[in-house]
Amino acid sequence: MKAAVLILPGVLDISLGITLDVMNTANRLCLLAERAPLFEVTLTGTGRRRERSGSGLEVGPLARMAELATPDLVLLPGANRANRGELEDWLATRDVRKAMERVGGWIEGGAEAAASCVGTFALAQAGLLDRRVATTSWWLAPWFRERFPRVDLDMARMVVSDGPISTAGAALAQADLMLALVARHGSDELARNCARFLMLDHRVSQSQYAIASHLARQTPTLQRADRWLQSRLGEPVTLAMLAEALHMTPRTLSRHFASAVGMSPIQYVQKLRVERATQLLETGHASLESVAAQVGYADPSMLRKLLRRERGVTPRGVRQRPRSADAQA
């Protein structure tokens, strides 16, 4: 299939690199199996023959988008934009707007599109994600919801596909996105072999990476809620108690949480407790019963269930990770 990799100013080096590495690995494995390569890759841009990556490296030569026939697949790696101001400036550039107009035309012509990190914002700004399910970088989710209310944002999954468009989270989520595309257009076996050669783990959820407090700090109301909760994680906490502390009704408080972080107050409390418990298990030797009590659970089985649901690991698995790293060091 003809794959156009769209290089915009400030392209994230690691995102671009993993895009090309996965496609090149898939092609080599196809050749080893005496099959035709899966991808025919073209690097493209809006006009300049070369672009600068986020770290200042020169990327090119680039084919001009206007001169390309509609590809089967257009790939939009992330860009090195770390905060709202930088991202707003990037989205407002002529290059980004012009590129998205062309991508929209390609999609209408039958192309698939795939983007990760802030590339998902570029697609959403062009209206290409309206009334679709999509995902983005977990720490940008509150702003994404605010800016693009017509997009159904799913922050539980690592990769989300809806019709001809696939989206993924930040930076290395581009690897998960590329493996999903290899599986779809090649085979599951080819994707698994690519992952083995590149030593990539299979990841289905962003939940284990999200830091709940970072999301909450983006709004004054949730900042206050977070401070109140952090000081009481070992105590019984109810929605009514939190609402009273913030001088709000439970319904209003629930709306704040839903719009800002995409979860209920109780789900947020559970995430805070799992984060604190994970830290305690990784850095100390207290029993599971003691850790559970410190984060507000009299029954350690509840904490065990939450760790498995939120992090995909058991308490023993949490403890083993730092020990293994220490042993290797």
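For the structure itself, consult the block above.
The model shown is predicted, which means the values in this text are computed figures rather than measured ones.

Calculation criteria
Position numbers for residues count from 1 along each chain, tracking the sequence in the order it is written. For this predicted model, a pLDDT threshold of at least 70 governs which residues receive local features, and a threshold of 80 or more governs which side-chain atom pairs are given and counted, while totals over whole chains, interfaces and linings are taken from all residues. The side-chain values count all of the structure's non-hydrogen atoms but skip hydrogen atoms and water molecules. Secondary structure elements follow DSSP: runs of H or I of four or more residues count as helices, runs of E of two or more count as strands, with numbering from the N terminus. Definition of a polar contact: a pair of N or O atoms within 3.5 Å, with one able to donate and the other able to accept a hydrogen when the atoms are protein atoms, and with sequence-neighbouring residues admitted only if both atoms are side-chain atoms. Here a residue-residue contact requires only that any non-hydrogen atoms of the pair lie within 4.5 Å. We call a set of buried Ala, Val, Leu, Ile, Met, Phe, Trp, Tyr and Cys residues a nonpolar core when their side-chain atoms join them within 4.5 Å. For the exposure calls, accessible area comes from a 1.4 Å probe over protein chains only, and a residue counts as buried if that area is under 20% of its type's maximum, exposed if over 50%, partly exposed in between. Any two strands are treated as partners once DSSP identifies two or more bridges connecting them. Think of a 1 Å grid over just the protein atoms. A cavity is a set of points where a 1.4 Å probe fits yet cannot get out, a pocket is an open set with protein on both sides within 12 Å along at least five of seven lines, and lining residues have an atom within 4 Å of a point. Grid points are joined across faces, edges and corners, and a volume is the space filled by probe spheres set on the points. Note on residue classes: Ala, Val, Leu, Ile, Met, Phe, Trp, Tyr, Cys and Pro are nonpolar, Asp, Glu, Lys and Arg are charged, and everything else, Gly too, is polar. Only Phe, Tyr and Trp rings take part, Trp by its six-membered ring, and two of them pair if their centres are within 6.5 Å. Stacked means planes under 30 degrees apart, edge-to-face means over 60, and tilted covers everything else. In the sections that follow, a salt bridge refers to a side-chain nitrogen of Lys or Arg positioned within 4 Å of a carboxyl oxygen of Asp or Glu.

**Concerning the side chain of Asp154**
Secondary-structure assignment places Asp154 in the loop between strand E9 (152–153) and strand E10 (159–162). At a separation of 2.8 Å, a polar atom in the side chain of Asp154 contacts the side chain of Arg157. What Asp154 contacts, discounting residues up to four positions off in sequence, is Val133, Ala134, Thr135 and Val160.

**Some details on the nonpolar core**
Counting 60 residues, the largest nonpolar core has Leu6, Trp90, Met100 and Val103 as the members making the most contacts within it. Tallying contributions element by element places helix H3 (residues 94–108) first for this core, with six residues. Residue contacts for Val103: discarding those within four places in its chain leaves Leu6, Met65, Val74, Ala113, Leu123 and Leu128. By size, the runner-up hydrophobic cluster in this structure holds 32 residues, among which are Leu62, Ala175, Leu181 and Val182.

**A look at the sheet that holds strand E2 (residues 40–45)**
Taken together, seven strands build an open sheet; the order of strands is E5-E2-E1-E6-E7-E11-E10 and the sheet is mixed. Either end of the sheet is taken by a strand with one partner, and the two such strands are strand E5 (63–64) and E10. Taken together, the two bridges between E2 and E5 define a ladder with parallel strand orientation. Across the sheet, Gly45 pairs through a bridge with Arg64, a residue of E5.

**Things to note about empty space enclosed by the protein**
A water-sized probe rolled over the atoms picks out the places where empty space is left. With the rule as written, the count across this model stands at two cavities of 30 Å³ or more. Size it by volume and the second largest cavity reaches roughly 30 Å³. Lining the second largest cavity, in full, are Leu6, Leu8, Pro9, Val11, Leu76, Pro77, Gly78, Ala79 and Trp90. Here the lining of the second largest cavity is built from residues that sort into eight nonpolar, one polar and no charged.

**Quick look at the packing of aromatic side chains**
Applying the stated criterion across every chain, the model contains six aromatic pairs. For the ring pair Phe121 and Phe144, a centre distance of 5.0 Å and an interplane angle of 85 degrees mean the geometry is edge-to-face. One end of the pair, Phe121, is in helix H4 (residues 119–125); the other, Phe144, is in helix H5 (residues 141–147), and 23 residues separate them in sequence. Both residues of the pair, Phe121 and Phe144, count as buried.

**Quick notes on the pattern of salt bridges**
Considering all chains together, one arrives at twelve salt bridges under this definition. Across the pair Arg48 and Glu51 runs a salt bridge, and its minimum N-O distance is 2.8 Å. Given the relative accessible area of 7%, Glu51 is considered buried. Among the salt bridges present, the one from Asp95 reaches Arg48, with a minimum N-O distance of 2.4 Å. Here Arg48 lies in the loop between E2 and strand E3 (51–52) and Asp95 lies in helix H3, a separation of 47 residues in the sequence. Judged by relative accessible area, Arg48 falls into the partly exposed class, the value being 43%. Residues joined by salt bridges that share partners form a network here, namely Arg48, Glu51 and Asp95.

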